[in-house]
Amino acid sequence: MVSDPRVSPVYVGSEIYRNSSYGPKHPLAIPRVSTCTDLCRALGWLPDARFVEAPIATDAELARFHDPAYVAALRRAEATQSASPEDRARFRIGVEGNPIYREMFRRPAISAGGVILAARLTRDGGVVHCPAGGTHHGRRDRAAGFCFINDPVLGLYAWLDAGLDNIVYLDIDAHHGDGVQDAFHDDPRVFTISVHEDGRWPFTGAAEDRAGGAARNFPVPPGCNDSELDWLMRHAILPLVRTRRPQAIMLQCGADALEEDPLAKLSLSNNAHWAVARAMRGLAPRLVVLGGGGYNPWTVGRCWAGIWATLNGFSVPDRLPPAAEAVLRGLRFDRAAGRNPPAHWSTTLRDPPREGPVRAPVKRLAELALTETLPA
Ligand SMILES: [Zn+2]
């Protein structure tokens, strides 16, 4: 019997992520969701009644957004562990960071099933954490940016199909949430907000890009610190969300926006992500929190376990108990940072805060976002 998410938050997970890899040389060679789940269990934060197994999305559910021919190509690629030149060219399978790997259909289809379930569980309200979700670059008929299926879009459709018509999607991954923004371009029912590193792939999400009125974008400069994200929250994002009085909020918490991530150059600490999750809790009767990017296994696991603590109001211990420390000590990482990880990556969950000056371009982004009419 699963807890009522209106009474206490529910965690949607799966064992499919354990030992799943995009291949040894890929940034997604690392464990992520399994680390988060293991940490939450080791800390006594995840009793069985609060954990729900993500189901695999059905073809009909995937077809709510994705081209059935593309879904069939994903199944084919998993079954044969190969892709024809036509499927590579048409669907971008097996190219550009979207590799053919063992669970390449089941894994994203289970993430999609998890996010759809999260939306259904919160139909009447409540909070659900689905750290495997957040594949925000996936397109209707092609893979993009390590994402095969766009689980945020499918979860947002599940809310729309349940009759909601005023939803906020907030994305604090280091990369622009392009796939979600484009899926709801011109759609007043889903307002998308993305904070991302300026000048980084996919090179979209300029401050002036409002997706026909349904979006706001905050392309922050490299080095963005906790104080700067806090500034954007207080001066732009919170006012934007409060004004809309949304029925539901979906928050994508990509951990690649944190300082130690090897793929981006932002300088946030995990306190920044936890503060955003805390702020979103009271702003809508329904909240679904997803994961997203994140390519340092310690950073990702610590960030997302702390998100679960934040949603529950659990206090994070200064020093982790031995069982939780053992989870972090067991991680391996084939990059320079993995050869000699600093002790606090294994002994703590909370980073030291990374506060700093709020630079003029950040203040300008906040002002621009609240301007009704953009300057010509
Ligand atoms: Zn990212």
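Right above here is the structure, for reference.
Quick summary incoming for the structure in this document. (Residues numbered from 1 in each chain as written. Predicted model: local features only at pLDDT ≥ 70, side-chain atom pairs only at ≥ 80, totals over all residues. Heavy atoms only, no water.)

Quick notes on the pattern of salt bridges
Overall, the coordinates contain 22 salt bridges when judged by the stated rule. For Arg18, the salt bridge identified is with Glu15, shortest N-O distance 2.6 Å. Among the residues examined, Arg18 registers a relative accessible area of 29% and is labelled partly exposed. A salt bridge links Arg364 to Glu367; the shortest N-O distance between them is 3.6 Å. Of this pair, Arg364 and Glu367 both sit in helix α14 (residues 360–369), 3 residues apart, roughly one helical turn. For Arg364, a relative accessible area of 43% puts it in the partly exposed group. Ionic contacts of the salt-bridge type, sharing partners, join the residues Glu15, Arg18 and Asp38 into one network. (Salt bridge = Lys/Arg side-chain N within 4 Å of Asp/Glu carboxyl O. Buried < 20%, exposed > 50% of the residue type's maximum accessible area, 1.4 Å probe, protein only. Helix = DSSP H or I, 4+ residues; strand = E, 2+ residues; numbered from the N terminus.)

Some remarks on the packing of helix α1 (residues 33–42) against helix α10 (residues 297–312)
The contact between α1 and α10 brings their axes to 8 Å, and the two run at 50°. Viewed along their axes, α1 and α10 adopt a mutual orientation that is oblique. Crossing angle aside, the handedness with which α1 passes α10 is right-handed. Residues Val33, Thr35, Cys36, Leu39 and Cys40 of α1 form the contact with α10, whose participating residues are Gly301, Arg302, Trp304, Ala305 and Trp308. Of the residues that constitute the contact of α1 with α10, the class distribution is 7 nonpolar, 2 polar and 1 charged. (Axes fitted to C-alpha atoms, helices over the stretch in contact; angles between N-to-C directions. Parallel < 35°, antiparallel > 145°, perpendicular 65-115°, else oblique. Left-handed = near helix turned anticlockwise from the far one by under 90°. Contact = heavy atoms within 4.5 Å. Nonpolar A, V, L, I, M, F, W, Y, C, P; charged D, E, K, R; others polar.)

Some remarks on the coordination of the zinc ion
When a metal holds four donors in a tetrahedron, each ideal angle between them is 109.5 degrees; when it holds six in an octahedron, the ideal angles are 90 or 180 degrees. Around the zinc ion, the protein contributes the donor atoms Asp173 (OD), His175 (ND1) and Asp256 (OD), at 1.9 to 2.1 Å from the metal centre. Written as a sequence motif, the donor residues of the zinc ion are D-x1-H-x80-D. Within this pair, whereas His175 is found in the loop between β4 (167–171) and α7 (178–183), its partner Asp256 is found in the loop between β7 (248–252) and α9 (270–281), the two being separated by 81 residues in sequence. Owing to a relative accessible area of 10%, His175 belongs among the buried residues under this scheme. (Donors = N, O, S within 2.8 Å, 3.2 Å for Na, K, Ca; no water.)

A closer look at the packing of aromatic side chains
The description of two aromatic rings rests on the distance between their centres and on the angle between their planes. Scanning the model with the defined rule gives 11 aromatic pairs in all. Ring plane angle 40° and centroid distance 5.7 Å describe the contact between Tyr70 and Phe91, whose orientation is recorded as tilted. One end of the pair, Tyr70, is in helix α3 (residues 68–80); the other, Phe91, is in helix α4 (residues 85–91), with 21 residues separating them in the sequence. Of the two residues examined, Tyr70 and Phe91, each falls in the buried class. Where Phe146 meets Tyr295, the ring centres are 5.7 Å apart and the plane angle is 90°; that geometry is what we call edge-to-face. Taken together, the positions of Phe146 in the loop between β3 (126–130) and α6 (151–161) and Tyr295 in the loop between β8 (286–290) and α10 put the pair 149 residues apart, joining distant regions of the chain. A single burial state applies to Phe146 and to Tyr295, both of which are buried. Arg41 extends its terminal NZ or CZ atom over the ring of Phe51, reaching a point 4.8 Å from the ring centre. A cation over a ring is seen here: Lys363 above Trp231, with NZ or CZ 4.9 Å from the ring centre. (Phe/Tyr/Trp six-rings, centres within 6.5 Å; stacked < 30°, edge-to-face > 60°. Lys NZ or Arg CZ within 6 Å of the ring centre and 35° of its normal.)

Structural notes on the sheet that holds strand β1 (residues 10–13)
Strand order in the open sheet formed by 8 strands is β2-β1-β3-β8-β7-β4-β5-β6, with parallel pairing between adjacent strands. The open sheet has two free edges, formed respectively by β2 (51–53) and β6 (215–220), since each of these has just one partner strand. The sheet shows a mean angle of 15° between the axes of neighbouring strands, direction not considered. Bridging between β4 and β7 involves 5 bridges; their strand directions are parallel. Note on β7: the bridge partner recorded for Asp171 is Gln252. Most of the contacts of α1 go to β1, to which it runs at about 140°, and overall it touches β1 and β2. Contacts from helix α5 (residues 106–121) reach β1, β2, β3, β7 and β8, with the element oriented near 170° to β3. (Pairing = 2+ DSSP bridges.)

Quick look at the nonpolar core
Among the nonpolar cores identified, the biggest contains 125 residues, and Phe218 and Leu251 are the most heavily contacted of them. Here this core takes 9 residues from α10, the largest share from any one element. Not counting chain neighbours up to four residues away, the residues in contact with Leu251 comprise Leu170, Ile172, Val276, Ala277, Met280, Leu287, Val288, Val289 and Leu290. (Core = buried A, V, L, I, M, F, W, Y, C linked by side-chain atoms within 4.5 Å.)

Some remarks on the packing of α9 against α10
Viewed as axis vectors pointing N to C, α9 and α10 meet at an angle of 30°, and their least axial separation amounts to 9 Å. Relative to α10, the element α9 is oriented roughly parallel. Considering how the two elements wind past one another, α9 and α10 form a crossing that is right-handed. Judged by residue contacts, Asn270, His273, Trp274, Ala277, Arg278 and Arg281 of α9 engage Arg302, Cys303, Gly306, Ile307, Thr310, Leu311 and Asn312 from α10. Looking at side-chain class alone, the contact of α9 with α10 contains 5 nonpolar, 5 polar and 3 charged residues.

By themselves, these figures tell us nothing about what the structure is for.
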